[in-house]
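Each chain is listed here by its residues.
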Amino acid sequence: MKKRAWLSWILTGLALAFCGCDGSAEPGAGSQVEPEDRVAETIKELDRICREQTVYMVGPEKGARLAELVRSRAPSVVVECGTALGYSGLWIARELERLGKGKLISIELDADRARRARENFERAGLSGWVEVRTGDARELVREIEEQVDLLFLDCNYANYYPCYRGLESRLKDGALLVADNAGIGAAGMKDYLEEVRSSHESETEWFDIDLPWGKRDAMELTIFRSKGER
Ligand SMILES: C[S@@+](CC[C@H](N)C(=O)[O-])C[C@H]1O[C@@H](n2cnc3c(N)ncnc32)[C@H](O)[C@@H]1O
């Protein structure tokens, strides 16, 4: 390796070591920020990191809608399948904190992503509202014992149906199911969409988004009715 390349390699390493840039959002070191600002800063920084590293996440339009849904339903238990780095989870957990109640159980298959998500919740000051579980959501949802008010599906289209089925017996009557990518991923989640549209009250909500990987997409919003109530 040439001398200049060595120097550049060492300087890059030093810079990364000092800024702690492993993809976790990092608010200004030593800065005194209000709790709400801390969350907003973490969301903003994570938004930038996800775009840069092509870590698929909902983006601010759908994030804000998720927050609105959490606010209006004041859930006790929210389950998210597909945490990634915690972007959507931050939008959800911030509302739980504002409401002063509830918890988010977020499941992620990739251990490194789950670790980074935990760090991001910690940085945002929201870790008390979130439990990140590492593993296959199709299996881990079966271990959830609590009654669930809101299920957010965002963990590869083919997994929506098994995740939903695995959690079905713990969904409260009237629970809200939110399935991301119901526009661009409709074919891949056909089994899930057919089920919720035929057995429950379900609607497709479209969003203009501004992400490097898409400009328009939808979420499927479903009000779950238990068998006796349909
Ligand atoms: C689109 S990303 C989730 C984005 C996240 N909800 C957000 O908006 O910030 C999908 C994530 O699902 C995870 N995933 C894929 N299959 C999974 C499975 N079977 N169980 C849990 N997570 C899974 C992937 O590793 C990936 O991080």
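Quick caveat, the model's predicted, so the values are computed rather than measured.

(A) Molecular detail of the site of the ligand. Near the ligand lie 20 residues; those nearest to it are M57, G82, Y87, S88 and A137. Elements supplying a minimum of two residues to the shell around the ligand: α4 (87–99), β2 (103–108) and α6 (137–140). Per-class residue counts for the shell around the ligand are ten nonpolar, four polar and six charged.

(B) Geometry of the environment of A114. Its place among the elements puts A114 in helix α5 (residues 111–124). Accessibility expressed as a C-beta count within 10 Å gives 21 for A114, which makes it buried. Along the sequence, A114 and G135 sit 21 residues apart, while their C-alpha atoms lie 9.2 Å from each other. Every residue in contact with A114, bar those within four places of it in the chain, is listed here: T83, E108, V132 and T134.

(C) Quick look at the sheet that holds strand β6 (residues 201–211). Taken together, seven strands build an open sheet; the order of strands is β3-β2-β1-β4-β5-β7-β6 and the sheet is mixed. The open sheet has two edge strands, β3 (130–134) and β6, and neither has a second partner. Averaged over all neighbouring strand pairs, the angle between strand axes comes to 15°, with direction disregarded. The sheet contact formed by strand β1 (residues 77–81) and β2 spans five bridges and is parallel. Its bridge partner being in β2, E80 is matched across the sheet by S106. Along the sheet, helix α3 (residues 59–73) contacts β1, β4 (148–153), β5 (171–180), β6 and β7 (214–223); its crossing angle with β6, the most-contacted strand, is approximately 140°. Against the sheet, helix α8 (residues 190–199) makes contact with β5, β6 and β7, and its axis sits at roughly 45° relative to β7, the strand it touches most.

(D) Quick look at the pairing of β3. Here five bridges tie β2 to β3, and the two strands are oriented parallel to one another. Looking at β3, one finds that S106 is bridged to V132. The parallel pair β2 and β3, bridged by α5, forms a crossover whose chirality is right-handed.

(E) Looking closely at the packing of α4 against α5. It is the contact of α4 with α5, at a shortest axis distance of 10 Å, that shows an interaxial angle of 35°. The handedness of the crossing between α4 and α5 is right-handed. Of the residues in α5, those in contact with G89, L90 and A93 of α4 are A117, N120, F121 and A124. Looking at the contact of α4 with α5 residue by residue, the class counts come to five nonpolar, two polar and no charged.

(F) A look at the nonpolar core. Among the nonpolar cores identified, the biggest contains 61 residues, and L151 and L153 are the most heavily contacted of them. Beyond its immediate sequence surroundings of up to four residues, L151 is in contact with V79, L167, L171, A175 and L177.

Cut-offs and rules
Residues numbered from 1 in each chain as written. Predicted model: local features only at pLDDT ≥ 70, side-chain atom pairs only at ≥ 80, totals over all residues. Near = placed C-beta within 6 Å. Helix = DSSP H or I, 4+ residues; strand = E, 2+ residues; numbered from the N terminus. Nonpolar A, V, L, I, M, F, W, Y, C, P; charged D, E, K, R; others polar. Buried ≥ 20, exposed ≤ 12 C-beta atoms within 10 Å, placed from the backbone. Contact = placed C-beta atoms within 7 Å. Pairing = 2+ DSSP bridges. Axes fitted to C-alpha atoms, helices over the stretch in contact; angles between N-to-C directions. Right-handed = clockwise from strand over helix to strand, strands pointing away. Left-handed = near helix turned anticlockwise from the far one by under 90°. Core = buried A, V, L, I, M, F, W, Y, C linked by C-beta atoms within 7 Å.

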